[in-house]
Amino acid sequence: MLKLESVSKSYKHRGRVVNALDDVSLEIGKGEFVSIMGPSGSGKSTFLLLLGGMLTPSRGKVHLGGVSVYDLAPAARAELRRQRLGFVFQSYNLVPYLTALENVQVPLFLAGLSGDRQRERARQLLDRVGLGDRMDHKPAELSGGQQQRVALARMLANDPEVILADEPTGNLDPETSGMILDFLQSLHREGRTILMVTHDPRASAYAHKSLRLAEGRISSNGAQPKIHPCPSTDTRVEHQI
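Residues numbered from 1 in each chain as written. Predicted model: local features only at pLDDT ≥ 70, side-chain atom pairs only at ≥ 80, totals over all residues. Heavy atoms only, no water.

J.: Go over the overall build of the protein chain, please, and point to the residues and values.
T.: The number of helices and strands found in the protein chain is seven helices and ten strands. What you see for the protein chain is a C-alpha radius of gyration of 18 Å, in line with the 18 Å of a compact globule of 241 residues. When the backbone C-alpha atoms are referred to their principal axes, the protein chain occupies close to 50 × 40 × 35 Å. Residue burial in the protein chain is summarised as follows: out of 241 residues, 49% are buried. Averaging the locations of the 30 positively and 26 negatively charged side chains of the protein chain gives two centres separated by 5 Å. (Helix = DSSP H or I, 4+ residues; strand = E, 2+ residues; numbered from the N terminus. Rg over C-alpha atoms; globule rule 2.2 N^0.38 Å. Buried < 20%, exposed > 50% of the residue type's maximum accessible area, 1.4 Å probe, protein only. Lys, Arg positive; Asp, Glu negative; His and termini not counted. Charge placed at Lys NZ, Arg CZ, Asp CG, Glu CD.)

J.: Give a description of the packing of aromatic side chains that names residues and reports values.
T.: Under the defined criterion, the tally for this structure stands at one aromatic pair. Ring plane angle 5° and centroid distance 6.2 Å describe the contact between Phe 87 and Phe 89, whose orientation is recorded as stacked. Overall, the relative accessible area of 18% leaves Phe 87 in the buried class. (Phe/Tyr/Trp six-rings, centres within 6.5 Å; stacked < 30°, edge-to-face > 60°.)

J.: How would you explain the pairing of strand β1 (residues 2-13) if you had to name every residue and give the values?
T.: Relative to strand β2 (residues 16-28), β1 runs antiparallel, the two sharing nine bridges. Residue pairing in the sheet places His 13 in a bridge with Arg 16 of β2. Counting the residues that bridge the hairpin from β1 to β2 gives two residues, and of these Arg 14 lies at a positive phi of roughly 50°. (Pairing = 2+ DSSP bridges.)

J.: Summarise the nonpolar core; cite the residues concerned and give the values.
T.: Counting 35 residues, the largest nonpolar core has Leu 126, Val 150 and Leu 187 as the members making the most contacts within it. Every element with two or more residues in this core is listed here: α3 (100-110), α4 (115-128), α5 (144-155), β7 (162-166), α6 (174-189) and β8 (193-197). Among all residues touching Val 150, those that are not within four sequence positions of it are Leu 94, Ala 100, Asn 103, Val 104, Leu 126, Leu 131 and Leu 142. (Core = buried A, V, L, I, M, F, W, Y, C linked by side-chain atoms within 4.5 Å. Contact = heavy atoms within 4.5 Å.)

J.: Describe in detail the packing of α3 against α4, supporting the description with residues and values.
T.: Axis separation between α3 and α4 bottoms out at 9 Å; the angle between their running directions is 125°. Judged on the interaxial angle alone, α4 and α3 are oblique. Considering only the axes of α3 and α4, their crossing is right-handed. Residues Ala 100, Leu 101, Val 104, Gln 105, Leu 108 and Phe 109 of α3 pack against Gln 118, Arg 119, Arg 121, Ala 122, Arg 123, Leu 125 and Leu 126 of α4. For the contact of α3 with α4, a count of residues per class yields eight nonpolar, two polar and three charged. (Axes fitted to C-alpha atoms, helices over the stretch in contact; angles between N-to-C directions. Parallel < 35°, antiparallel > 145°, perpendicular 65-115°, else oblique. Left-handed = near helix turned anticlockwise from the far one by under 90°. Nonpolar A, V, L, I, M, F, W, Y, C, P; charged D, E, K, R; others polar.)

J.: Give a description of the side chain of Ser 177 that names residues and reports values.
T.: By the element assignment, Ser 177 lies in helix α6. A residue is classified by how much of its surface remains accessible, and Ser 177, at 9% relative accessible area, is buried. Here Leu 172 takes part through its backbone oxygen, which lies 3.4 Å from a polar atom of the side chain of Ser 177. If near-sequence neighbours (up to four positions away) are discounted, Ser 177 is found in contact with Thr 169 and Leu 172. (Polar contact = N/O pair within 3.5 Å; in protein donor to acceptor, adjacent residues only side chain to side chain.)

J.: I'd like a rundown of the sheet that holds β2, residues and numbers included.
T.: Pairing is antiparallel in the open sheet, where four strands are placed in the order β2-β1-β4-β5. The two strands at the open ends of the sheet, each matched to only one other strand, are β2 and β5 (67-68). Of the pairings in the sheet, the one linking β1 to strand β4 (residues 59-64) comprises five bridges and is antiparallel in character. For Lys 3, the partnering residue across the bridge sits in β4 and is His 63. On the sheet, helix α1 (residues 44-51) packs against β1, β2 and β4 and is oriented at approximately 130° with respect to β1.

J.: I'd like a description of a nonpolar patch on the surface, backed by residues and values.
T.: The grouping of Val 106, Phe 109 and Leu 110 at the surface amounts to a nonpolar patch, some 310 Å² of accessible area in total. Here Phe 109 shows up in helix α3. When its relative accessible area of 57% is taken as the criterion, Phe 109 is described as exposed. (Patch = residues over 30% accessible without salt bridge, like charges linked within 9 Å, V, L, I, M, F, W, Y side chains within 5 Å. Areas by Shrake-Rupley, 256 points an atom, 1.4 Å probe, with all protein chains shown as cover. Salt bridge = Lys/Arg side-chain N within 4 Å of Asp/Glu carboxyl O.)

J.: Report on the pattern of salt bridges, specifying residues and quantitative values.
T.: According to the stated counting rule, one finds eleven salt bridges in the structure shown. Ionic pairing is found between Glu 5 and Lys 3, a salt bridge with its closest N-O pair at 3.5 Å.

Next comes the structure, spelled out in structure tokens:
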């Protein structure tokens, strides 16, 4: 599904070369739930951006489903991201002057759906994450957990097969974090591949495999048991977050 071949990424910082990734080779299979841990500044977000086709490596190849991502023209790479990848960020990245419904409509608009189909799909997704009664609210009128749920609904708009999550619970309290992680776990049970950057060992424990990134190198902590599985197959977020 995702494959890195001898990937390095370096940049200059205050006159010295920093190796965010150093000759990394890695393969992540379809349907895996993998966490990526490491100290601050270890390159975790750089790693996720490289996998997501948004940051060109200094050397090496990144493959998604057999396609060499950075051998594509920029427009083709953007289309690959749109069709196959979903992104979740710590800062939510919602458009502040749009309602929850309109925020979820953004990728559907970019995909060329009609206005009616955009609204129908966006309503379905917001209902799925438990925000059916908050569709007309703007981000400033929502709690942090609710904003992250809008971001999750937006991420699902194009039905991605791979989800890249960068500290998705970093700004949330423990109870709300658990609900967001339960939801990611339910998406994994649907067969989606999930890569999650986190500094939190409890969040990492939701994944089936944990990787550690330090000094530009990745090591594996191996498989690990799931914790806190959702109690039912209903993937709606039933609680207020």
